[in-house]
Amino acid sequence: AAFFLVVVVAITVPVFSGRFKSATQVLVTPEPSTTPSAPPSLSPSLAPSSKGFMDVIDAVKDITPRDIFLDPSSPQFKAAEFMADLDPFGIRPVSDAYFLRRYALVTFYYATNGDNWTLCGRDAVLCTGSKYNWLSDTNECNWEGIFCEENNMLKLILGVGITSKLGLSGTIPEEIGFLTTLSAIILIESRQVSGGGIGGTIPSSFSRLRDLETIQLNSNSLRGTIHDEWLANATMLSVLILHDNEFDGTINTRIASLPSLLKLKLNLNMFTGTIPSEFGSVTSLNSLDLGKNNLTGSVPANLYNVGTLEFLYLDENRLTGSIPPNVGNLTQLNAFELQNNGFTGTIPSTLAKAQTLKKVFLHNNNFVGVMPDEICNALVTDNMILGHITVL
């Protein structure tokens, strides 16, 4: 019996070691498959409620890509979870006419770190007056900073009044493009309070907001350039205020083609290049502020022909050239600031044609001659010429 067992062992070991080829016993490693692996599944296990969560994903696919819902920490996942299972106002069906609006605002809340707002957040200090905290059990038109008429959302305003120093941070999500009835979006933050305010870039989905009249996003940390894609449909835009951010590159000439533009503030950024000559064709422009950038070259002569200008700020750049006599065409001018540049030549007396002129800041340039009497006589006691103008 012992001899028999030895024989068995001797035969069995080679079979499992692969030394003897056997159709029934040799282990064969399969060839690697050339077929791509299936993408990760948005399985119900990721979502609090499989059907409700998947319904949200399908409803928002025009803007929100499906793969973003694989990240439970994303604002979009949190918003979908809220809409599918957690909304204290009731679970709104995706067929509801205002479903996308509420989803967009909930996504905005999470994208700007709403749980860390100093007030009016879900668990923050209660809002005052007639408005309610965000994500509360009421129509979103009643949340602080949301303004609606006949249940159509017209304005999103945060950083003004009681929401000043709110603590906005994070980014503006692409889902803002679902708010197609917006006429104004105003998001202002103090960098000192929030550690930088809202960062990132302006979403390309702004191109969906065809009714926008006012964009005011100053005092944040927005960066990048101003792209054609979100200016393309801004035919109603009259106020564009982006000062005190981190925008760079050249100033997009498409801005000058906005037919309703009245006020443009791009100061305190990092724009380079020259001032687009196209601004000389914006006959409706009331206020232009390009100060405190890195602009070079001379001021386009046709800019001084925009007779509607009341405020012209080009200070603290690297601009050169002289002030031409046709500056006298700016007859409505109230403030004229060119200080801290490299301008040369004389100061034309035609500047005095602006009977409403109150501020003329021309110091720290390379002007020659003296300030013309016509300008000095035009400035009454409550107006000013600031700084010393060198006479060479």
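Residues numbered from 1 in each chain as written. Predicted model: local features only at pLDDT ≥ 70, side-chain atom pairs only at ≥ 80, totals over all residues. Heavy atoms only, no water.

Take the packing of helix 2 (residues 50-59) against helix 3 (residues 75-86) next. Put simply, helix 2 and helix 3 touch, their axes get as near as 9 Å, and they point 125° apart. It follows that helix 2 is oblique to helix 3 by the angle criterion. Helix-helix and strand crossings are classified by hand; for helix 2 and helix 3 the assignment is right-handed. Judged by residue contacts, G52, F53 and V56 of helix 2 engage F77, A80, E81, M83 and A84 from helix 3. Grouping the amino acids of the contact of helix 2 with helix 3 by side-chain chemistry returns six nonpolar, one polar and one charged. (Axes fitted to C-alpha atoms, helices over the stretch in contact; angles between N-to-C directions. Helix = DSSP H or I, 4+ residues; strand = E, 2+ residues; numbered from the N terminus. Parallel < 35°, antiparallel > 145°, perpendicular 65-115°, else oblique. Left-handed = near helix turned anticlockwise from the far one by under 90°. Contact = heavy atoms within 4.5 Å. Nonpolar A, V, L, I, M, F, W, Y, C, P; charged D, E, K, R; others polar.)

The backbone of S219 sits at a positive phi, close to 65°, despite the residue not being glycine. Considering the arrangement of structural elements, one finds S219 in the loop between strand 4 (214-216) and strand 5 (223-224).

Pairing is parallel in the open sheet, where seven strands are placed in the order 5-7-9-11-13-15-17. Among the strands making up the open sheet, the edge pair consists of strand 5 and strand 17 (366-367). As judged from the two bridges shared by strand 9 (residues 270-273) and strand 11 (residues 294-298), these two strands associate in the parallel manner. Residue pairing in the sheet places T272 in a bridge with N294 of strand 11. (Pairing = 2+ DSSP bridges.)

A few words now on the side chain of S205. For S205, the position within the fold is in the loop between helix 5 (191-194) and strand 4. The contacts of S205, once residues within four sequence positions are left out, are E174, I176 and G177.

Within this structure, the stated rule accounts for two disulfides. A disulfide bridge connects C120 with C127, and the sulfur atoms are separated by 2.0 Å. In terms of burial, C120 and C127 fall into one category: buried. The connectivity of the disulfide bonds within the protein can be written as 1-2, 3-4, using the sequence rank of each bonded cysteine. (Disulfide = S-S within 2.5 Å. Buried < 20%, exposed > 50% of the residue type's maximum accessible area, 1.4 Å probe, protein only.)

What follows is about the packing of aromatic side chains. The geometry of an aromatic ring pair is captured by two quantities: the separation of the ring centres and the angle between the planes. One pass over the full model with this rule turns up 13 aromatic pairs. Taking 5.0 Å as the distance between ring centres and 55° as the angle between the ring planes, the aromatic pair formed by F53 and F77 counts as tilted. Here F77 lies in helix 3 and F53 lies in helix 2, a separation of 24 residues in the sequence. Assessed through its relative accessible area of 5%, F77 is described here as buried. Residues Y109 and W117 carry aromatic rings whose centres are separated by 5.1 Å and whose planes lie at 70° to one another, so their mutual orientation is edge-to-face. Taken as a pair, Y109 and W117 share a single burial class, namely buried. Taken together, the ring pairs connect F108, Y109, Y110, W117, W134 and W143 into an aromatic cluster. (Phe/Tyr/Trp six-rings, centres within 6.5 Å; stacked < 30°, edge-to-face > 60°.)

Along strand 3 (residues 184-187), one buried face is formed by A184 and I186 and the opposite face, lined by I185 and L187, is buried too. Inspection of the sheet shows strand 2 (residues 152-158) paired to strand 3 by four bridges, in the parallel sense. Its bridge partner being in strand 3, L158 is matched across the sheet by L187. In terms of strand pairing, strand 3 meets strand 4 through three bridges, oriented parallel. Residue pairing in the sheet places A184 in a bridge with T214 of strand 4.

Turning to the packing of helix 3 against helix 4 (residues 99-111), a few remarks are in order. Pairs of packed helices are described in terms of their axes, by the angle between the two and the distance that separates them. It is at 8 Å that the axes of helix 3 and helix 4 come closest, and there the two elements cross at 135°. Classed by the angle they form, the pair helix 3 and helix 4 counts as oblique. At the point where helix 3 passes helix 4, the crossing takes the right-handed sense. Contact residues: P75, Q76, K78, A79, A80, F82 and M83 in helix 3; F99, R102, Y103, V106, T107, Y110 and A111 in helix 4.

Let us now look at the confidence of the model for the protein. Taken over all residues, the pLDDT of the protein has a mean of 85, while the share at 70 or more is 83%. With pLDDT under 50 throughout, residues 1-30 is counted as low confidence; its partners more than four residues away or in other chains account for seven contacts. Predicted confidence for residues 38-47 stays below pLDDT 50, and this span has 13 contacts to residues more than four positions away or in other chains. (pLDDT = per-residue confidence, 0-100.)

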